[in-house]
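Listed below are the residues making up each chain.
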Amino acid sequence: MHMIKIRQSLDTDMPAIERLYPAAFPDEDLLPLVKRLLAEEPDILSLVAEKGQSIAGHILFTLCGLSHSSNQAALLAPLAVAPGHQRQGIGTALIREGLQQLGSKGVDQVFVLGDPAYYGRCGFDPETAVAPPYPLPEQWRQAWQSLSIGPAQTPNQGKLLLPELWLQPALWAP
Ligand SMILES: CC(C)(COP(=O)(O)OP(=O)(O)OC[C@H]1O[C@@H](n2cnc3c(N)ncnc32)[C@H](O)[C@@H]1OP(=O)(O)O)[C@@H](O)C(=O)NCCC(=O)NCCS
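What counts and what doesn't
Residues numbered from 1 in each chain as written. Predicted model: local features only at pLDDT ≥ 70, side-chain atom pairs only at ≥ 80, totals over all residues. Heavy atoms only, no water. Helix = DSSP H or I, 4+ residues; strand = E, 2+ residues; numbered from the N terminus. Rg over C-alpha atoms; globule rule 2.2 N^0.38 Å. Buried < 20%, exposed > 50% of the residue type's maximum accessible area, 1.4 Å probe, protein only. Salt bridge = Lys/Arg side-chain N within 4 Å of Asp/Glu carboxyl O. Near = heavy atom within 4 Å. Polar contact = N/O pair within 3.5 Å; in protein donor to acceptor, adjacent residues only side chain to side chain. Areas by Shrake-Rupley, 256 points an atom, 1.4 Å probe, with all protein chains shown as cover. Nonpolar A, V, L, I, M, F, W, Y, C, P; charged D, E, K, R; others polar. Arc of directions from axis to C-beta. Contact = heavy atoms within 4.5 Å.

A. Representation of the overall build of the protein within the structure. Along the protein, the regular secondary structure elements total four helices and nine strands. Taken from N to C terminus, the helices and strands of the protein fall in the order β-α-α-β-β-β-α-β-α-β-β-β-β. Taken over the C-alpha trace, the protein has a radius of gyration of 16 Å; the compact-globule value for 174 residues is 16 Å, and the two agree within 12%. Buried positions account for 44% of the 174 residues belonging to the protein.

B. Looking closely at the pattern of salt bridges. Scanning the model with the defined rule gives five salt bridges in all. Of the charged contacts, one joins lysine 35 and glutamate 18 as a salt bridge, the two residues approaching to 3.1 Å between their closest N and O atoms. Here lysine 35 is found in helix H2 (residues 31-40), whereas its partner glutamate 18 is found in helix H1 (residues 14-24), with 17 residues between them in sequence. Using a relative accessible area of 31% as the deciding quantity, one classes glutamate 18 as partly exposed. Arginine 36 is paired through a salt bridge with glutamate 40; the nearest N and O atoms lie 2.9 Å apart. In this pair, arginine 36 and glutamate 40 both sit in helix H2, four residues apart, roughly one turn of the helix. Residue arginine 36 is classed as partly exposed on the basis of its relative accessible area of 43%. Glutamate 40 gets classed as partly exposed once you look at its relative accessible area, which sits at 45%. Salt bridges sharing common partners tie together Arg7, Asp13 and Glu50.

C. Region of the structure containing the site of the ligand. In the neighbourhood of the ligand, 17 residues make up the surrounding shell, with Val81, Arg87, Gly89, Gly91 and Thr92 lying closest. The separation between an oxygen atom of the ligand and a polar side-chain atom of threonine 92 is 2.5 Å. Considering the ligand on its own, with 870 Å² of exposed area, one finds that the protein chains cover 69% of that surface. The class makeup of the residues in the shell around the ligand is nine nonpolar, five polar and three charged.

D. Quick peek at unusual backbone geometry. With an omega of -10°, the peptide bond between alanine 77 and proline 78 qualifies as cis. On the secondary structure map, proline 78 appears in strand S4 (residues 69-81).

E. H1, seen in detail. Looking at H1, one finds that the buried residues are Ala16, Ile17, Leu20 and Tyr21. Within H1, the buried residues cover an arc of 130° as seen down the axis, which keeps them to one side. Buried-residue contacts for H1 involve H2, strand S2 (44-51), strand S3 (54-66) and S4.

Set out below in structure tokens:
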């Protein structure tokens, strides 16, 4: 049984990441976005889960701001675990390591658009005070979630201010 090691991604992980995304998301092509974020966006945290010789999972966090406060925030997306490695705690381990590293960088709140049944297990709650870049359809409201990891004294509110690469309505629509 191989141990899982969570570490920063390297350029040499790219071929494995290119195989991982189509396998984890057969109906959605997230690879162009992931590749551009890795290549062009300096303010990201990119972690891989290494199991033996293989890359079993990947997570990206994009650092961002908030329209009505100077607190630092981050967006968790995407998260992918290879089908043969799912339900072994790898996704949770990637989230937890990311949250810890972001907390030590001074990030105050982490946002995610995803299944509340999954992210709720890591402490995320539905978010109503800070809006995503584009309005979400009613059935997705519960999927917009956040987790406070910092010491902010004032509640965050307004809108999440994301880098250009995230400002594609298709990424935020069903
Ligand atoms: C969703 C995903 C990231 C979870 O990663 P993982 O390593 O399999 O998850 P973990 O092992 O940390 O946690 C597994 C637990 O979460 C639950 N879980 C897994 N996927 C879930 C989902 N989509 N919805 C609700 N619960 C889920 C399972 O019930 C499991 O608990 P159990 O085995 O005790 O029943 C992974 O399955 C994946 O990459 N799926 C395809 C891509 C995807 O949907 N990504 C989500 C981005 S929002």
